[in-house]
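Residues per chain are reported as follows:
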Amino acid sequence: MRDGLDNATVRNIAKESGISVGSLRHYFPSQADLLLFSMELVSDRVLKRLEEKPKTDDPIVALQERISEVLPLDEERRVEAEVWLVFSAKALVDVRLKQLSKQVYEEMRHGFNRVIQVLQKLGLARDDLRVDLEAYRLHALVDGMALHHLMYPEKLTRQELIETLHYHLRMLCR
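Presented here is a report on the structure given in the accompanying data block.

**A few points about the packing of helix α6 (residues 95–121) against helix α7 (residues 131–151)**
Turning to step 1, where the next piece is worked out: Interhelical geometry of α6 versus α7 gives an angle of 120 degrees and a closest axis separation of 9 Å. Comparing the axis directions of α6 and α7 gives the class oblique. By crossing handedness, the relation of α6 to α7 is classed as right-handed. Here Y105, M108, R109, F112, N113, V115, I116, Q117 and Q120 of α6 lie close against α7, whose contacting residues are V131, D132, E134, A135, Y136, L138, H139 and V142.

Structure (structure tokens):
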């Protein structure tokens, strides 16, 4: 929506789409229903891209490419990150959104745990790493970088996102 996701109401989308509010309300009775659908769509798209990732010989590059699927590195992922941001903000005050928000969080948390575990399994991780704390730190880094890039793309550029993630992954290694 050209006026931003916060203005993505059923009424505004129906008007912009040229369909009746009643027709759209049949599928999305409220903005929360629209946000639920949007966030589920984002999750499905990210998971599909992860499944289709080609194998690479360098495990750090492979992990970086997979993590990058949730960073706003192109237009598609920028829109997805905006959906995530609006959805997350609304989930703070809308009980209907909290369950999916928790599910998405847990899936991300599990994914970041797996990153650290893969590094350990391959014998690349530093011996002193704590999987739980490193997973939290990586999750916070990725979320923070996504937010900073969405808000200030000229301050934290696409290239800096990639370099920062690569640097951090290398710092987890021996």
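The rest of the description comes next.
**Overview of the pattern of salt bridges**
Turning to step 1, where the next piece is worked out: Summed over all chains, the structure comprises 17 salt bridges.
Turning to step 2, where the next piece is worked out: In this structure, the salt-bridge partner of E69 is R49, at a minimum N-O distance of 2.3 Å. Of this pair, E69 sits in the loop between α4 (59–67) and α5 (75–91) while R49 sits in helix α3 (residues 31–52), placing them 20 residues apart in sequence.
Turning to step 3, where the next piece is worked out: On the basis of relative accessibility, which here comes to 16%, the residue R49 falls in the buried class.

**Structural notes on the nonpolar core**
Turning to step 1, where the next piece is worked out: Counting 23 residues, the largest nonpolar core has I67, L71, V115, L119, L138, L165 and L169 as its most contacted members.
Turning to step 2, where the next piece is worked out: For this core, the secondary structure elements donating two or more residues are α4, α6, α7 and α8 (158–171).
Turning to step 3, where the next piece is worked out: At six residues, α7 tops the list of elements feeding residues into this core.
Turning to step 4, where the next piece is worked out: Beyond its immediate stretch of four places on either side in the chain, L138 contacts I67, F112, V115, I116, L165 and H168.

**A look at the packing of aromatic side chains**
The geometry of an aromatic ring pair is captured by two quantities: the separation of the ring centres and the angle between the planes.
Turning to step 1, where the next piece is worked out: One pass over the structure, following the stated rule, counts zero aromatic pairs.
Turning to step 2, where the next piece is worked out: Stacked on the ring of Y136, the Lys or Arg R109 has its end atom at 3.4 Å from the ring centre.

**Some details on α4**
Turning to step 1, where the next piece is worked out: Within the span of α4, buried status applies to I60, A62, L63, Q64 and I67.
Turning to step 2, where the next piece is worked out: Here the buried face of α4 lies against α6, α7 and α8.
Turning to step 3, where the next piece is worked out: The opening residue of α4, the one whose side-chain oxygen lies 2.9 Å from the backbone nitrogen of I60, is D58.

What counts, and at which threshold
Residues numbered from 1 in each chain as written. Predicted model: local features only at pLDDT ≥ 70, side-chain atom pairs only at ≥ 80, totals over all residues. Heavy atoms only, no water. Axes fitted to C-alpha atoms, helices over the stretch in contact; angles between N-to-C directions. Helix = DSSP H or I, 4+ residues; strand = E, 2+ residues; numbered from the N terminus. Parallel < 35°, antiparallel > 145°, perpendicular 65-115°, else oblique. Left-handed = near helix turned anticlockwise from the far one by under 90°. Contact = heavy atoms within 4.5 Å. Salt bridge = Lys/Arg side-chain N within 4 Å of Asp/Glu carboxyl O. Buried < 20%, exposed > 50% of the residue type's maximum accessible area, 1.4 Å probe, protein only. Core = buried A, V, L, I, M, F, W, Y, C linked by side-chain atoms within 4.5 Å. Phe/Tyr/Trp six-rings, centres within 6.5 Å; stacked < 30°, edge-to-face > 60°. Lys NZ or Arg CZ within 6 Å of the ring centre and 35° of its normal. Polar contact = N/O pair within 3.5 Å; in protein donor to acceptor, adjacent residues only side chain to side chain.

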